[in-house]
Amino acid sequence: MKKPKWVVRKEQDKKAGGRETVWLFGLHAVRDALRNPRREKIRLVVTLNAQGRLEDAIAQSGIEPEVVDPRKFSAPLDPGSVHQGAALEVKPLDWGRLEDVCIGDAAPRVMLLDRVTDPHNVGAILRSAEVLGASAVIGTRHHSAPETGALAKTASGALERQPYLRVRNLSDAMRALQNMGYLVLGLDGEAEMTIEAAVAGKEDRPVALVLGAEGPGLREKTKETADHLVRIDASGGFGSLNVSNAAAIALYASRGARQAGAPDT
């Protein structure tokens, strides 16, 4: 019996994921990956100077470094990569199922990315998500930034600690979150409702914020699936925000007055 096409694609994706490796670079990104017991490490290339600066992390990881001449740095990186003398080949992290990650002690927050493909933007969003206590950042497998060295360097270590999931279908993930009790809010600059208004009186609800790519924004299917379309409450003459800046502001605003530390009135 011939397998359905979706089954074949799923098996192919799984096999490809098993073969995939990523080169992380830069002292900060490499140090955090070396210290992460969840991260499968394959090959470490360092200069003598970088080896000294990473000495404790290398010892903790148990990996044997390849020490190279800085003029002949052998890791297969883009020529423009600022590697600081350190590069680490790893397997992508497996954070498990959405249902297991998108939980929290009280009113968790998650962020979903609709076709946000720039690794620098995703890295910055991961940093904000970690700082502001989000449970996860969720993208799609085929239209979002995968783990890359550039993403890890911009994330400044957050990639090792902040769950970053890539799902097959964003609308399905949104519906799964709704079934878990999440209030799903899609950011749209033309929306009438502000984030603060959408969460007012619902501070005990988990909230999922959906952000689209700069320019095209959210897809129509994404808009239709969200519980509400919301905007960032901005002053007059406001233009537009970079998606990573919008993500940080939206995440902070979604926490509500009490969680954000404002006094009760």
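Analysis parameters
- Residues numbered from 1 in each chain as written.
- Predicted model: local features only at pLDDT ≥ 70, side-chain atom pairs only at ≥ 80, totals over all residues.
- Heavy atoms only, no water.
- Pairing = 2+ DSSP bridges.
- Helix = DSSP H or I, 4+ residues; strand = E, 2+ residues; numbered from the N terminus.
- Axes fitted to C-alpha atoms, helices over the stretch in contact; angles between N-to-C directions.
- Parallel < 35°, antiparallel > 145°, perpendicular 65-115°, else oblique.
- Left-handed = near helix turned anticlockwise from the far one by under 90°.
- Contact = heavy atoms within 4.5 Å.
- Salt bridge = Lys/Arg side-chain N within 4 Å of Asp/Glu carboxyl O.
- Buried < 20%, exposed > 50% of the residue type's maximum accessible area, 1.4 Å probe, protein only.
- Expected span 1.5 Å × (residues − 1).
- pLDDT = per-residue confidence, 0-100.
- Polar contact = N/O pair within 3.5 Å; in protein donor to acceptor, adjacent residues only side chain to side chain.

## Describing the sheet that holds strand β2 (residues 41-46)
Here is step 1: Read across the open sheet, the 4 strands follow the order β1-β4-β2-β3; overall the sheet is mixed. Both edges of this open sheet fall to β1 (22-25) and β3 (66-67), since each of them pairs with a single strand only.
Here is step 2: Judged from the 2 bridges that link them, β2 and β3 form a sheet pairing that is parallel. Within β3, the position partnered with Val46 by the bridge is Val67.

## Side note on the packing of helix α6 (residues 119-131) against helix α11 (residues 243-254)
Here is step 1: Viewed as axis vectors pointing N to C, α6 and α11 meet at an angle of 20 degrees, and their least axial separation amounts to 8 Å. Relative to α11, the element α6 lies roughly parallel. Classified by chirality, the crossing of α11 by α6 is right-handed. When α6 is examined against α11, the residues Asn121, Ala124, Ile125, Ser128 and Ala129 are found in contact with a partner set consisting of Val243, Ser244, Ala247, Ala248 and Leu251.

## Structural notes on the sheet that holds strand β9 (residues 193-194)
Sheet strands pair by backbone hydrogen bonding; their relative direction is either parallel or antiparallel.
Here is step 1: With parallel pairing, the 7 strands of this open sheet are ordered in space as β7-β6-β5-β10-β8-β11-β9. The open sheet has two edge strands with one neighbour each: β7 (164-167) and β9.
Here is step 2: In terms of strand pairing, strand β5 (residues 109-114) meets strand β6 (residues 136-140) through 3 bridges, oriented parallel. When the sheet's bridge partners are listed, Met111 is paired in β6 with Val137.
Here is step 3: Helix α8 (residues 170-179) rests against β5, β6, β7, β8 (183-187) and β10 (207-212) of the sheet, and its axis sits at about 160 degrees to β5.
Here is step 4: Each of β5, β8 and β10 touches α11; the most contacted strand, β10, lies at about 160 degrees to it.

## So, the pattern of salt bridges
As a working rule, side chains carrying opposite charge can pair if their charged atoms are close by.
Here is step 1: Per the counting criterion, the structure on display carries 12 salt bridges.
Here is step 2: Note that Arg231 and Asp233 form a salt bridge whose closest N and O atoms lie 3.7 Å from each other.
Here is step 3: The exposure class assigned to Arg231 is partly exposed, which follows from its relative accessible area of 25%.

## Quick look at the pairing of β10
Here is step 1: Across the 6 residues that make up β10, a large majority, 6, are buried.
Here is step 2: Every second residue of β10 is oriented toward a common face, with Val207, Leu209 and Leu211 on one face and Ala208, Val210 and Gly212 on the other, all of them buried.
Here is step 3: As paired elements, β8 and β10 share 4 bridges and run parallel to each other. Paired with Gly186 across the two strands is Val210, which belongs to β10.

## Here we look at α11
Here is step 1: Over its 12 residues, α11 runs 16 Å from end to end, which matches the ideal 16 Å to within 8%, given 1.5 Å per residue.
Here is step 2: Three or more residues of α11 are buried, namely Val243, Ser244, Ala246, Ala247, Ala250, Leu251, Ala253 and Ser254.

## Notes on the confidence of the model for the chain
Here is step 1: Mean pLDDT for the chain: 88, with 87% of residues reaching 70 or above.
Here is step 2: Counting contacts from residues 14-18, a segment whose pLDDT is below 50, to residues more than four positions away or on other chains yields 1 contact.
Here is step 3: Within the model, the stretch residues 260-265 combines pLDDT values under 50 with 4 contacts to residues more than four positions away or in other chains.

## Some remarks on the environment of Ala200
Here is step 1: Topologically, Ala200 is positioned in the loop between α9 (195-199) and β10.
Here is step 2: For Ala200, a relative accessible area of 45% corresponds to the partly exposed category.
Here is step 3: Note: C-alpha distance between Ala200 and Ser254 (54 residues apart in sequence) is 9.1 Å.

## Looking at the side chain of Ser254
Here is step 1: With respect to the secondary-structure elements, Ser254 resides in helix α11.
Here is step 2: Its relative accessible area of 0% is what places Ser254 among the buried residues.
Here is step 3: A polar contact of 2.8 Å, which involves the side chain of Ser254, links it to the backbone oxygen of Leu251.
Here is step 4: Residues contacting Ser254, with those up to four places away along its chain left out, are Arg109, Ile195, Val199, Val207 and Leu209.

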